[in-house]
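Breakdown of the fold
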Amino acid sequence: MKKYSKLFLPLIYSLIFITAIWSYQNIETVNSNTNIFIHEVQIHTQNIINQVTGKKKQKPKLTKDNSQRTEKKATYSKPVGKWPTNSATIFINIKDPVLRSAAKSAIKAWNDTGSFTFHVVKKQKDANIPFTTIDDDKDGAAGLTEANINSGNGNFIYVRVELNSAYLLNPVYGYSQRRIINTAEHELGHAIGLHHTDNISVMQPTGSNYPIQSTDIQNVKLLYSRKNTASTSSQSQTNTTNNN
Ligand SMILES: [Zn+2]
């Protein structure tokens, strides 16, 4: 009996080990949860380092070149566009498991509100909204939304949403998974047609302090209960860019 258990135990351990490796490589949720866990450990480690050394969390800095791309309150104090109905197609073009998981969580969070529906499509060419990443430590924004609007009827033509991995994934900036999801929910808020507010909202200009609030849901419902009142029928387009 002892002889068998000697063989048996290593076999069990090997099986567990092989299963874990296989799961990591093959199951997206296991893969993303592992990477989220590693990301959270890095954030906590950085917090401890900051406490020990007395350093403060770094904030993304705006560079002169990009300052004109920053949102101005005046420009974005009212809705900048909307979709013809309260739904849009979206394509997730994100490889990083932490950001990809955050993007999916943010899409689900908006869909769960019932105020707006993002339909995830498998091809970018079929999507109203390409949801992707940039890696730009000079951009000064953790998230970016660029909208192309038909100025005739005020409808979006397409909206490009980007998460900036240079800030969101670098532990020195301290973005926990929850704050990355909040950032993604904020950018999707712009992609729906929401503007900034200083109230407690996912649409606060900093963009990562709060998840979707009940006032945000009401604002989306209000936005899509109104008819667009643009007076001209020209097909000209305007571009707006939202940093954060
Ligand atoms: Zn914003």
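Provided above is the structure to which this section pertains.
The model shown is predicted, which means the values in this text are computed figures rather than measured ones. (Residues numbered from 1 in each chain as written. Predicted model: local features only at pLDDT ≥ 70, side-chain atom pairs only at ≥ 80, totals over all residues. Heavy atoms only, no water.)

Notes on the overall build of the protein chain
The helix and strand tally for the protein chain stands at six helices and six strands. Ordering the α and β elements of the protein chain from the N terminus gives α-α-β-α-β-β-β-β-α-α-α-β. Expressed as a percentage of the 244 residues in the protein chain, the buried residues total 41%. At a minimum sequence separation of 6, the contacts of the protein chain that also span at least 24 residues come to 77%. A total accessible area of about 14100 Å² is found for the protein chain, and carbon and sulfur atoms account for 57% of it. (Helix = DSSP H or I, 4+ residues; strand = E, 2+ residues; numbered from the N terminus. Buried < 20%, exposed > 50% of the residue type's maximum accessible area, 1.4 Å probe, protein only. Contact = heavy atoms within 4.5 Å. Areas by Shrake-Rupley, 256 points an atom, 1.4 Å probe, with all protein chains shown as cover.)

Quick look at the pattern of salt bridges
Counting across every chain of the model gives five salt bridges. The residue Asp 126 makes a salt bridge to Lys 125 at a minimum N-O spacing of 3.5 Å. Looking at Asp 126, the relative accessible area reads 41%, which means it is partly exposed. Among the residues examined, Lys 125 registers a relative accessible area of 69% and is labelled exposed. A salt bridge links Arg 178 to Glu 185; its shortest N-O distance comes to 3.3 Å. Given the relative accessible area of 3%, Glu 185 is considered buried. (Salt bridge = Lys/Arg side-chain N within 4 Å of Asp/Glu carboxyl O.)

Here we look at the pairing of strand β3 (residues 129-134)
In terms of burial, β3 is largely enclosed, as five of its six residues are buried. With four bridges joining them, strand β1 (residues 87-93) and β3 adopt parallel strand pairing. Bridge pairing in β3 places Phe 91 opposite Pro 130. Across four bridges, β3 lies against strand β5 (residues 155-164) in parallel orientation. Each bridged residue has a counterpart across the sheet, and for Thr 133 the counterpart in β5 is Leu 163. (Pairing = 2+ DSSP bridges.)

Here we look at the environment of His 196
Position of His 196 relative to the elements: it lies in the loop between α5 (177-192) and α6 (214-225). Residue classification places His 196 among the buried residues on the basis of a relative accessible area of 16%. C-alpha separation for the pair His 196 and Thr 206, spaced 10 residues apart in sequence, amounts to 9.4 Å. Separated by 3.2 Å, the side chains of His 196 and His 190 make a polar contact. (Polar contact = N/O pair within 3.5 Å; in protein donor to acceptor, adjacent residues only side chain to side chain.)

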